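The residues making up each chain are set out below.
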Amino acid sequence: MNKLVIYGEGGLGHEVLDLALQLQKAGLKSYDEILFADDNPAKTDYIGYRVMPSEEIFQAYGTSGTKFAIAIGEPAYRIKLIEKVKERGYQFETLIHPGARVGLHTAIGDGTIVQWGSFISCDCQIGENCFLQPLCSVGHNVVINDNCIISSNAAISGGVAIGKNTYLAVAASVVQGARIGADSVVGMGAVVARDIPDNVIALGNPARPMKNKDGSLVFKG
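Criteria and cut-off values
Residues numbered from 1 in each chain as written. Predicted model: local features only at pLDDT ≥ 70, side-chain atom pairs only at ≥ 80, totals over all residues. Heavy atoms only, no water. Core = buried A, V, L, I, M, F, W, Y, C linked by side-chain atoms within 4.5 Å. Buried < 20%, exposed > 50% of the residue type's maximum accessible area, 1.4 Å probe, protein only. Contact = heavy atoms within 4.5 Å. Helix = DSSP H or I, 4+ residues; strand = E, 2+ residues; numbered from the N terminus. Pairing = 2+ DSSP bridges. Right-handed = clockwise from strand over helix to strand, strands pointing away. Salt bridge = Lys/Arg side-chain N within 4 Å of Asp/Glu carboxyl O. Expected span 1.5 Å × (residues − 1). Arc of directions from axis to C-beta. Phe/Tyr/Trp six-rings, centres within 6.5 Å; stacked < 30°, edge-to-face > 60°. Axes fitted to C-alpha atoms, helices over the stretch in contact; angles between N-to-C directions.

### A word on the nonpolar core
Leu132, Ile144, Ile150, Ile156, Ile162 and Leu168 are the most contacted members of the largest nonpolar core, which has 29 residues in total. Residues contacting leucine 168, with those up to four places away along its chain left out, are Ile149, Ile150, Ser151, Ile156, Ile162, Val174, Ile180 and Val186. Counting 22 residues, the second largest nonpolar core, distinct from the first, contains Leu17, Leu23, Val51 and Ile201.

Right, dumping it as structure tokens:
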């Protein structure tokens, strides 16, 4: 029995459900059951798909045949959920939209989700549990480390390296060969023309570190 557990029953979770269903329709994935894990007690079933607290899922479903997809956009929360699932011994599902383009000799890690219209060129290394939103572009020989989020219409030039747990907002651009550190945020529409260090929030054109991130949230409210 193959089960997919989407962790997070919100808008992003609904997008992941839509992706999983499209992959099933195309014959690229097959699930006996798809359900949501969500620890908000106010959550109810979504269009016929069950929503359960994570602890109930851990008790009800063994690690064999059950895989998780993390559907939380907030980096600080996302990392906690990834660690929680890993500690329980579950594996993560990799989901790549049939309308995405992935180049030859590019490696994509477990749990990474690639949405429609995204382009990933050749000879790239994409880590585990990354999330590439629709219409982002990743040039040749790019390295994106674990748990990164690349938002829609972000454009990453060739030879770029991005540290783990980093968030690129909508329409951010990165010049060829730049380095972006771990645990950082690059703001909406920012242009990274030089290296960005670890643990900062970088904004503007050219993008400059404005303050240390220090666990601050990307999404407010």
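### With respect to the pairing of strand β4 (residues 66-70)
Taken across its five residues, β4 has four buried, putting it largely inside the fold. As paired strands, strand β1 (residues 3-7) and β4 are joined by five bridges and run parallel to one another. Along β4, the bridge assignment pairs valine 5 with phenylalanine 68. Pairing of β4 with strand β5 (residues 91-92), which is carried by two bridges, proceeds in the parallel orientation. Paired with lysine 67 across the strands is glutamine 91, a residue of β5.

### Quick look at the pairing of strand β2 (residues 33-37)
Most of β2 is tucked away: four of the five residues are buried. Across five bridges, β1 lies against β2 in parallel orientation. Each bridged residue has a counterpart across the sheet, and for leucine 4 the counterpart in β2 is isoleucine 34. For the crossover from β1 across helix α1 (residues 11-25) to β2, the handedness is right-handed. In this sheet, strand β3 (residues 51-52) lies alongside β2 in parallel orientation, the contact comprising two bridges. Note that in β3 the partner of phenylalanine 36 across the bridge is valine 51.

### Topic: the pattern of salt bridges
Per the stated rule, a full pass over the model turns up seven salt bridges. Between lysine 43 and glutamate 9 there is a salt bridge, with its nearest N and O atoms 3.7 Å apart. Of this pair, lysine 43 sits in the loop between β2 and β3 while glutamate 9 sits in the loop between β1 and α1, placing them 34 residues apart in sequence. Judged by its relative accessible area of 29%, lysine 43 falls in the partly exposed class.

### Details of α1
Between its first and last C-alpha atoms α1 spans 21 Å; for 15 residues at 1.5 Å apiece the expected length is 21 Å, and the two agree. Listing the buried residues of α1 in full gives Leu12, Gly13, Val16, Leu17, Leu19, Ala20 and Leu23. The buried residues of α1 occupy one face: seen down the axis, they fall within an arc of 160°. The exposed set on the far side of α1, more than 90 degrees from its buried face, consists of Gly11 and Lys25.

### A look at the packing of aromatic side chains
To describe a pair of aromatic rings, one takes the distance between the centres and the angle between the planes. Inspection of every chain in the model, using the stated rule, returns five aromatic pairs. Arranged with centres 5.1 Å apart and planes meeting at 70°, the rings of phenylalanine 68 and tyrosine 90 form a pair that is edge-to-face. Pair noted here: phenylalanine 68 is in strand β4 and tyrosine 90 is in the loop between α3 (75-87) and β5, with a separation of 22 residues, a long-range link. With respect to burial, phenylalanine 68 and tyrosine 90 carry one shared label: buried.

### Let's talk about the sheet that holds β4
Read from one edge of the open sheet, five strands run β3-β2-β1-β4-β5, paired in parallel fashion. The two strands at the open ends of the sheet, each matched to only one other strand, are β3 and β5. Together, β1, β2 and β4 form the strand contacts of α1, whose direction differs from that of β2 by roughly 170°. Contacts from α3 reach β1, β4 and β5, with the element oriented near 170° to β4.

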